[in-house]
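A closer look at the structure
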Amino acid sequence: MIEYIAKPRLEARKEEILDAHRSRRELLAATVRIAYAASVVATEVPGSADSAVRGNVYVEQDRQYERLQGEVQRLVDDMGRHAGTFLGPMLTVVVDYTSSLQGLLMSARPRPEQAAEIRDLAAAMGGALSSPRLWRVRRQIARAQALMEVRRLIALHAGSGG
């Protein structure tokens with residue numbers, strides 16, 4: 001009787017939990033990729049650099065900017081799946097984070113400025129998405145501080161029109 005009544009629900013619940021953890025890992029990985037691409041785009045090339053080096057850096061920055069746009073678009077497309085794995089305030093933070101990334105990319109700011117702001121937001125979100133063990137108090141505190149920084153940056157961008 002238990003095999004037919006309880007076990008299917010337990011298996012379904014197990015799959016649901018595994019999917020949620022997988023989605024959260026994907027969200028964290030996408031956030032790290034976004035932070036890296038934004039870091040490359042935000043890098044200033046010194047005027048004293050060799051012209052060949054400057055050219056190579058500009059080519060790489062263009063490539064990373066396209067990658068950044070693609071990563072943010074994928075994150076926006078999957079926002080419901082990722083945000084749905086969280087409850088309450090964190091769900092709102094994930095939605096606001098994703099919307100802020102998209103807003104920053106659509107803004108009229110110069111690329112390096114967009115990228116620097118995206119890098120800062122993604123770096124803070126990476127810390128907020130980390131899941132340290134409960135007994136690691138310092139990491140729990142760092143996570144809480146990162147979450148406060150994410151909220152501050154989101155409010156900053158929402159207040160400035162993107």
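These notes cover the structure that comes with them. Here the residue index of a chain counts from 1 through its sequence in written order. Reporting in this predicted model follows two pLDDT cut-offs: at least 70 for local features of residues, and 80 or more for side-chain atom pairs to be given and counted; totals over whole chains, interfaces and linings ignore these cut-offs and use all residues. Think of the side-chain values as coming from all heavy atoms in the structure, minus any hydrogens and water.

A few words on the overall build of the protein. We count a stretch as a helix when DSSP gives it H or I for four or more residues in a row; a strand needs E for two or more, and each element gets its number in order from the N terminus. A tally of helices and strands in the protein yields six helices and zero strands. With respect to the three principal axes, the spread of C-alpha positions in the protein is 75 × 30 × 30 Å. Burial classes: relative accessible area under 20% of the type maximum marks a residue as buried, over 50% as exposed, and values in between as partly exposed (1.4 Å probe, protein chains only). Per-residue burial over the protein gives 36% buried out of 162 residues. By definition in these notes, contact holds between two residues if any of their heavy atoms fall within 4.5 Å. Expressed as a percentage of contacts within the protein between residues at least 6 apart in sequence, the contacts between residues at least 24 apart total 68%.

Each pair of aromatic rings taken from Phe, Tyr and Trp, with Trp reduced to its six-membered ring, is defined by centres within 6.5 Å and is described as stacked if the planes are under 30 degrees apart, edge-to-face if over 60, and tilted in the remaining cases. Scanning the entire structure with this criterion turns up zero aromatic pairs. Counting as a charge over the ring demands two things of the Lys NZ or Arg CZ atom: a distance within 6 Å of the ring centre and an angle within 35 degrees of the ring normal. Here the guanidinium or amino end of Arg24 rests over the ring plane of Phe86, the centre of that ring lying 4.2 Å away. Its end group placed over the ring of Tyr65, Arg111 keeps NZ or CZ at 3.9 Å from the ring centre.

The term salt bridge refers to a side-chain nitrogen of Lys or Arg lying within 4 Å of a carboxyl oxygen of Asp or Glu. If you walk through the whole model with that rule in mind, you get 12 salt bridges. Among the salt bridges present, the one from Arg33 reaches Glu71, with a minimum N-O distance of 2.9 Å. On the criterion of sequence distance, the pair formed by Arg33 in helix α1 (residues 2–42) and Glu71 in helix α2 (residues 51–77) is long-range, its members being 38 residues apart. One connected set of salt bridges, linked through shared partners, spans Glu26, Asp78 and Arg81.

This paragraph deals with the packing of α2 against helix α4 (residues 88–106). Two elements in contact, α2 and α4, have axes whose closest approach is 10 Å; the angle formed by their N-to-C orientations is 145 degrees. Crossing geometry of α2 relative to α4 is assigned as left-handed. Contacts from Tyr65, Leu68, Gln69, Val72, Gln73, Leu75 and Val76 in α2 reach Tyr97, Thr98, Leu101, Gln102 and Leu105 in α4. Side-chain classes follow a simple rule in which Ala, Val, Leu, Ile, Met, Phe, Trp, Tyr, Cys and Pro form the nonpolar group, Asp, Glu, Lys and Arg form the charged group, and the remainder, Gly included, forms the polar group. When grouped by side-chain class, the residues that make up the contact of α2 with α4 number eight nonpolar, four polar and no charged. To get an axis, fit a line to the C-alpha atoms, keeping to the stretch in contact for a helix; angles then go from 0 to 180 degrees between the N-to-C directions. Left-handed describes a crossing whose near helix is turned anticlockwise from the far helix through less than a right angle; right-handed describes the clockwise counterpart.

Let's shift gears to helix α5 (residues 111–129). The span one expects for a helix is its residue count, reduced by one, times 1.5 Å. Here α5 spans 26 Å end to end across 19 residues, near enough to the 27 Å set by a 1.5 Å rise per residue. Looking only at α5, the buried set comprises Gln114, Ala115, Ala116, Glu117, Ile118, Leu121, Ala122, Ala124, Met125, Gly126, Ala128 and Leu129.

The residue Gly126 is located in helix α5 in this model. A C-alpha to C-alpha distance of 8.1 Å links Gly126 and Ala146, two positions 20 residues apart in sequence. Not counting residues within four places of it along the chain, the set of residues in contact with Gly126 comprises Leu28 and Thr31.

Turning to the nonpolar core, a few remarks are in order. Nonpolar side chains tend to gather and get buried jointly when the protein is soluble and globular. Note on terminology: a nonpolar core comprises buried Ala, Val, Leu, Ile, Met, Phe, Trp, Tyr and Cys residues joined through side-chain atoms within 4.5 Å. Within the largest apolar cluster, 36 residues are counted, with the highest numbers of intra-cluster contacts made by Ile34, Leu68, Tyr97 and Met125. Elements with a minimum of two residues in this core: α1, α2, α4, α5 and α6 (137–159).

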